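Residue-level structural notes
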Amino acid sequence: MPLRIMVTGGAGFIGSHIVDAYVAAGHEVLVVDNLSTGQAGNVHKDARLIEMDITDPALVDLLDAERPDVVNHHAANPSVSLSVREPAFDATQNILGTLNLLEAACRAGVSRFIYISSGGAMYGDPQYLPIDEEHPSNPVSPYALSKHTGERYVRLYGLEHGLSWTSLRYANVYGPRQDPFGEAGVIAIFCQNLLDGVAPEIHWDGEQTRDFVYVGDCARANLMALEQGVGQSFNVGTGLGTSINALFRVLLEVAGQDVEPRRGPRRPGDARHSYLDTSKIERQLGWRAQVDLRQGLAQTWDYFGKVA
Ligand SMILES: NC(=O)c1ccc[n+]([C@@H]2O[C@H](COP(=O)([O-])OP(=O)(O)OC[C@H]3O[C@@H](n4cnc5c(N)ncnc54)[C@H](O)[C@@H]3O)[C@@H](O)[C@H]2O)c1
């Protein structure tokens, strides 16, 4: 049955892919986005875009008028470095914005709330690998703390107001439409560097590992979370740790280039290894990442080549 779905942050990198998947599945989609980092051009033509900040008190009236069945919450300050420079801004967006949305959702009788959390940030320096959902949450940045706190508020609204919720904790997401000019998003940055004829910079010794998950796989998880996984948090990743050196080698092969990377220092706070245990979402939702790194990099490289 087609649902009425509100996607916050649906003009951004990941949110816009979620919108595409919901529209393709026949749902009616409304995007709420303040276009701070997102772009109207990312929004599917069959979705409706409302330019509004999630901290705006008028959000309550908007939800009351629109009455979505589902709220999918991607809008956030997604930048760790900005959160360190401006922790109050980060908390306003990620904590108070989430709270405003939860209030609005409960008053409008929303029947499903999908929250987007961060499996790359909220667990902190891993105590064991792969990181499962039971791993202690040890936020080491204002961003990690604000995403964690948002998830706790969502749980609280489940307990207090009977809100039906699911939280998806993404690993390192990559793919088309990621910002290649930011401080994070290593794959988008490397693609842009190669297109510009600039040697990409690899921090530390490049042997640190991360869990790179393709954005299309995240979109499939959001489709499944429409009806399953009530009251649960799930890691969304590949379960594989890929070193930055290995990633760089595969990207060079995909791009047909031969470039020597520049080497830079370790960035403060960077964990040595981080990758997620995804067995819970496999068991409960039947989801697993389908796009391997080479395929995902090929699609991403193809995209950046076209928009360059
Ligand atoms: N990129 C990753 O690897 C990753 C990993 C884990 C979690 N996440 C989470 O995924 C979500 C999307 O991140 P992204 O990488 O696509 O970033 P993005 O910047 O492309 O998307 C964020 C979107 O939210 C909008 N937005 C920001 N603040 C808003 C506000 N106050 N009101 C309304 N709209 C607002 C922006 O305009 C943008 O369209 C975020 O919640 C982020 O924390 C991302």
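About the criteria used
- Residues numbered from 1 in each chain as written.
- Predicted model: local features only at pLDDT ≥ 70, side-chain atom pairs only at ≥ 80, totals over all residues.
- Heavy atoms only, no water.
- Helix = DSSP H or I, 4+ residues; strand = E, 2+ residues; numbered from the N terminus.
- Buried < 20%, exposed > 50% of the residue type's maximum accessible area, 1.4 Å probe, protein only.
- 1 Å grid on protein atoms, 1.4 Å probe; cavity = no way out; pocket = protein on both sides within 12 Å on 5 of 7 lines; lining within 4 Å.
- Points joined across faces, edges and corners; volume = space filled by probe spheres on them.
- Nonpolar A, V, L, I, M, F, W, Y, C, P; charged D, E, K, R; others polar.
- Axes fitted to C-alpha atoms, helices over the stretch in contact; angles between N-to-C directions.
- Parallel < 35°, antiparallel > 145°, perpendicular 65-115°, else oblique.
- Left-handed = near helix turned anticlockwise from the far one by under 90°.
- Contact = heavy atoms within 4.5 Å.
- Pairing = 2+ DSSP bridges.
- Right-handed = clockwise from strand over helix to strand, strands pointing away.

Here the amide bond leading from leucine 129 into proline 130 is cis, since omega sits at -10°, within 30 degrees of zero. By secondary structure assignment, the location of proline 130 is in the loop between strand 5 (112-118) and helix 5 (142-161). One non-glycine residue with positive phi stands out, namely arginine 177, at about 80°. Looking at the secondary structure, you find arginine 177 in the loop between strand 7 (172-174) and helix 6 (186-196). Note on arginine 177: relative accessible area 24%, which makes it partly exposed. In this model, tryptophan 204 sits at a positive phi of 60°, which is unusual for a non-glycine residue. When you line up the elements, tryptophan 204 lands in the loop between strand 8 (201-203) and strand 9 (209-210). The class of tryptophan 204 is partly exposed, set by a relative accessible area of 25%.

Of the volumes computed, that of the second largest pocket is approximately 190 Å³. Taken together, 14 residues make up the lining of the second largest pocket; nearest its centre are Thr238, Leu240, Ala289, Val291 and Asp292. Each residue belonging to the lining of the second largest pocket can be placed in one class, and the counts come to six nonpolar, five polar and three charged.

Next up on the list: the packing of helix 8 (residues 244-255) against helix 10 (residues 293-307). Any two packed helices are characterised by the angle at which their axes cross and by the distance between the axes. Packing of helix 8 against helix 10 brings their axes to within 9 Å, and their N-to-C directions diverge by 55°. Comparing the axis directions of helix 8 and helix 10 gives the class oblique. Taken as a pair, helix 8 and helix 10 cross one another with a handedness that is right-handed. In contact with Leu247, Val250, Leu251, Glu253, Val254 and Ala255 of helix 8, helix 10 contributes Leu293, Arg294, Leu297, Ala298 and Trp301. For the contact of helix 8 with helix 10, the class distribution of residues is nine nonpolar, no polar and two charged.

A few words on the packing of helix 1 (residues 13-24) against helix 7 (residues 215-224). With their axes 9 Å apart at the nearest point, helix 1 and helix 7 run at an angle of 55° to one another. Classed by the angle they form, the pair helix 1 and helix 7 counts as oblique. Considering only the axes of helix 1 and helix 7, their crossing is right-handed. The residues of helix 7 that touch helix 1, namely those facing Phe13, Ile14, His17, Ile18, Ala21 and Tyr22, are Val215, Cys218, Ala219, Asn222 and Leu223. Looking at the contact of helix 1 with helix 7, its residues break down into nine nonpolar, two polar and no charged.

Turning next to the pairing of strand 5. By the criterion of burial, strand 5 is predominantly enclosed, with seven of the seven residues buried. Going residue by residue along strand 5, you find Arg112, Ile114, Ile116 and Ser118 tucked away on one face and Phe113, Tyr115 and Ser117 tucked away on the opposite face as well. Pairing between strand 4 (residues 70-73) and strand 5: four bridges, direction parallel. If you follow valine 71 over to strand 5, its bridge partner there is phenylalanine 113. Summarising the sheet, strand 5 and strand 6 (residues 165-170) pair through six bridges and their orientation is parallel. In the sheet register, tyrosine 115 faces strand 6, and the bridge partner there is serine 167. Handedness of the crossover is the feature at issue here: the chain leaves strand 5, passes through helix 5, returns alongside strand 6, and the resulting connection is right-handed.

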